[in-house]
Amino acid sequence: MSRSLLLFGLVALALIGSAVAVTFLLPDRQPAAPTKPTAPSTDADGPDIFENITGRTGIDFTYRNGDEANLFTILESLGGGVAAFDFDGDGKIDLFFTGGGSLDGKAISGRPGKLYRNLGDLKFQDVSQECGIAGLPLFYTHGVAVADYDCDGFSDLLITGWNRVMLLHNEPNPAGGRRFVDVTAKAGLTDTRWATAAAWGDFDGDGFPDLYICHYVDWSFANDPRCGIAERDVCPPQKFLALQHQIYRNAGNGTFEDKTAHAKLRPDGKGLGVVIVDTNGDGKADIYVANDGGDNFLYINRGGFAFEEVGLHAGVAIDDNGLYNGSMGVDAADYDGSGRVALWVTNFQGEVHALYRNAGEERFHHQSQAAGIGRIGRSFVGFGTSFTDFDRDGWEDIVVANGHVLRNPSGATYRQRPVFFHNEDHERRRQFRELPGKGGAYFRSEQVGRGLAVADLDNDGWPDLIISHQNDPVVVLRNVAGATLGRGNHWLRVALKGKRNCDLVGATLTLEVGGRKLTRFVKGGGSYLSASDARIDFGLGTADRVGTLTVLWPGGTAERFEGLSIDCESLIRQGEGK
Amino acid sequence: MSRRVRRGLAILLGLGLLISAGWFFPKQVRKSVRKSAIRNALADRDLALADRLLTEHLRHDDGDAQAHLLAAQTARRLDDVTSANRHLNRYRELGGDPEEFQMELVLRGCQSGNLSGASGAMKLCTEQPHNPAVPFMLEALTRGYLAANRPATAVEVTDVWLKRNPATGERAYVLYLRGRGFELQANIPDALTCYRDALVIRPKLHDCTFALAEVLRRESPTEALTHYEHLREAGYKPADVTVGTAGCLRQLGELDRASALIAPVVAEQPSNVAALVEAAKVDLDRLRPGDAEPRLKRALQLAPKHRDANVQFVRCLRDLGRDTEAKEQAEKLRLLDAELFKPDGKTP
């Protein structure tokens, strides 16, 4: 028994000792804290908003940036654009895509763009050959801007790119139809610097659209530093000097006069985006420029081709941290029913896209956080973008095409998903809430998006999307929100016609509907390297009738139009209102 | 005597023996157990536990000079200067090694950013990698380089430290400091990787969770909120966590909630600059510059060179339509930025 007792005592001692050790000496076991990024909210179940119909449109086009040469030039980072415009006057929106180019050693070559004619029923035909696009001189291209520069009733094209621009006049084709003729030299647009975004707008009130061209940086193969930490990658714009942007006055006789010095444009912008719109309601078209790695510019049109750059003072040059951003895409709209135009800029990774709410008197408030834009985080690199009321509820939504410029980005991916922000009411103000994946299959995929245009390709009243990518085919997304998010909503479309076909950029339209006033703006440029359908749309929500449409024409005269029908397009001619 | 009674008596006897053994457990054995526990805690860099065990040990044996040195080092690493001084002085009183005493003073200097003795300490670390004091030195050096705003060198020291294959807890801490080094160099992706790796190893390294949340507050406020919530539950720096949470909510557009959260902190801590600035940002986002102004003025009184306070004050004055003052303030900000401007051309 004594041996048993001794054994028992020793075992008990060991157990107690272990218990004491466990209790007092070992650190507490702790549950794991979450360390993985939170997935985006998926609180928007339901049917899609867009349907990818590219395969059945007949459109098969890919912008090429030449990155297969593995030269990692900043040239290849920009990508290309889309123009949505009715080139033949048949009432259907046609499409033009810039082609980009290739790099071979130190040679930079261009690739042809393509023009697709809208045949109706969402079918398109490549008409590049018969319309003269295929035979144009080649250069490495980026952007496209649309305007009827000679006021002949047909839209012309300006194409931008590496060390030149090209002005294409839309004229009758002796073989029938229309064709584009290179009139660049005749027009005097012979500058040989790297041109990116461009926008048209009548700055001096003579009816002819004038031209603003963004230039980027002084890169060339002679100034091509090696960048990247572990492995070579594309250089940031900070490695280069900015190129002076240019503004041209349309003389009305087919030629353009360089008014850059007269307009006192700032010399320091690395421009990638530009939108022309009347920001202060004075009836004159102002210019907002998105610069990559520098202050954004707001040029207020003071008349007589005199501009005052007020970006910093107005609060639209930098973000709410007092820092400039790497800005690419840009647009302007009244997103909150204030009647004033807000400015929107898509930015680089690590920054939040900027929403500048217009407070009147040439003042803006940075409202990205208040508007919920911060919810998507800061890993996106945003390019093409548009304020458009896609679901016709009367509030402008936002769409952004994303994709990195670095091939091996840190903390982000090269391919990125596009973002669709729905404009909603929250805390008694307007907010943008991403509907993750709700855009449809395309919005659930990752792309290297660049140019983006919005156009109602089938004239069903619901605006569609056309997006250009780096080295991947363009996509055409049909808006099916009429059967989903916007079911039961109505719309009204206005096609504006100026006197003698004069340019109407800078006009402001206000429609009374259901106790609200919806304000829309005639803009030049916008998005990124692209041009959207110029017709003005109003989403009406469930309202089945509208009141007066007031148009404040460029120059400041106003006209009222009554009795407009809903769910159809109306032609509004300047001078025919009350 | 029945079998049952005999068994009962045996149990009672056993228990009695156990209690007696426990009561008279040799002092030396208990001391040895404590020291072993202290060693384990330090090896795992559980400094709070080590501090507790050392205090307990020294309560029984105040004459243990080596334990006082350990306690001084531990207190220093916990930033408890008073306790560190007390233990270091006691170490000297007890005749501790003057060289050890001197080294501790050097490490204290290093840790606070006075790097005059850093090269000697680094030399010792590389020449005598097996010296048990090396981890302490590497820690002091890393923290010192961070404090002296030399984050690249701090990261280099962590390279040396990680090559020693530190124990789990220590490794988590090295990764945390390494993340801080990357963060100070604006290398956010690498900072995030380090913080996340550290938290996989030691989920309750609250300093690291806080650092991660602070970075994510800008980069990914939705995720940051979850980390702040963990910290709030753990009772970690309540005011700082509330400010961070409010910042996330503001970035997510939840201005009403952000305002409700930050207002009590500002009321209770009117000298909390971070809280004042965050509250002012919420005011500005709510288009209430009049509410933001006094908060920003107070913040700038307390911290005239606080960049964010200066930035927001420009914004506030502009929103109030006081253009002349806004321009003057913008000029102040420009000068401040010039002072902070980094040689690589990046705006701070």
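These remarks concern the structure in this document. All values derive from a computational prediction rather than experimental measurement.

## Focus: the overall build of chain B
And then number 1: Scanning chain B from N- to C-terminus turns up 19 helices and 0 strands.
And then number 2: Computed over C-alpha atoms, the radius of gyration of chain B comes to 26 Å, more than 25% over the 20 Å expected from 2.2 N^0.38 for 348 residues, which places it beyond the range of a compact globule.
And then number 3: On the principal axes, the C-alpha backbone points of chain B span a range of 100 × 60 × 35 Å.
And then number 4: Considering chain B as a whole, with its 348 residues, one finds that 46% of them fall into the buried category.
And then number 5: At a minimum sequence separation of 6, the contacts of chain B that also span at least 24 residues come to 44%.

## Section: the overall build of chain A
And then number 1: Tallying secondary structure elements over chain A gives 4 helices and 38 strands in all.
And then number 2: The C-alpha radius of gyration of chain A comes to 27 Å, within 12% of the 25 Å expected for a compact globule of 578 residues.
And then number 3: Summarising its shape, the C-alpha atoms of chain A cover approximately 120 × 60 × 50 Å along the three principal directions.
And then number 4: Considering only intrachain contacts with a sequence separation of at least 6, the fraction spanning at least 24 residues in chain A is 62%.

## So, the sheet that holds strand S16 (residues 271–277) of chain A
And then number 1: Spatially, the 5 strands line up as an open sheet ordered S19-S18-S17-S16-S34 (chain A), and their pairing is antiparallel. Lying at the two open borders of the sheet, with one neighbouring strand each, are strand S19 (306–309) and strand S34 (524–525) of chain A.

## What to know about unusual backbone geometry
Residues and elements named next belong to chain A.
And then number 1: In this model, Glu 427 sits at a positive phi of 50°, which is unusual for a non-glycine residue.
And then number 2: With respect to the helices and strands, Glu 427 occurs in the loop between strand S26 (419–426) and strand S27 (429–434).
And then number 3: Positioned with a positive phi, Leu 529 is a non-glycine residue whose angle comes to about 60°.
And then number 4: Overall, the presence of 36 C-beta atoms within 10 Å leaves Leu 529 in the buried class.

## A short note on the pairing of strand S7 (residues 123–126) of chain A
One face of the sheet, then the other: side chains in a regular strand alternate in exactly this way.
And then number 1: Here 4 bridges tie strand S6 (residues 114–120) of chain A to S7 of chain A, and the two strands are oriented antiparallel to one another. If you follow Tyr 116 of chain A over to S7 of chain A, its bridge partner there is Asp 126 of chain A.

## Examining the pairing of strand S17 (residues 286–291) of chain A
Residues and elements named next belong to chain A.
And then number 1: S17 sits mainly inside the fold: 6 of its 6 residues count as buried.
And then number 2: With burial as the criterion, each face of S17 is covered, one bearing Asp 286, Tyr 288 and Ala 290 and the other bearing Ile 287, Val 289 and Asn 291.
And then number 3: Note that S16 and S17 share 6 bridges and pair antiparallel. Bridge pairing in S17 places Val 274 opposite Val 289.
And then number 4: What sits between the antiparallel neighbours S17 and strand S18 (residues 297–303) is a turn of 5 residues, in which Gly 293 has the positive phi angle 80°.

Reading the values: the criteria
- Residues numbered from 1 in each chain as written.
- Chains lettered and ligands numbered in written order.
- Predicted model: local features only at pLDDT ≥ 70, side-chain atom pairs only at ≥ 80, totals over all residues.
- Helix = DSSP H or I, 4+ residues; strand = E, 2+ residues; numbered from the N terminus.
- Rg over C-alpha atoms; globule rule 2.2 N^0.38 Å.
- Buried ≥ 20, exposed ≤ 12 C-beta atoms within 10 Å, placed from the backbone.
- Contact = placed C-beta atoms within 7 Å.
- Pairing = 2+ DSSP bridges.

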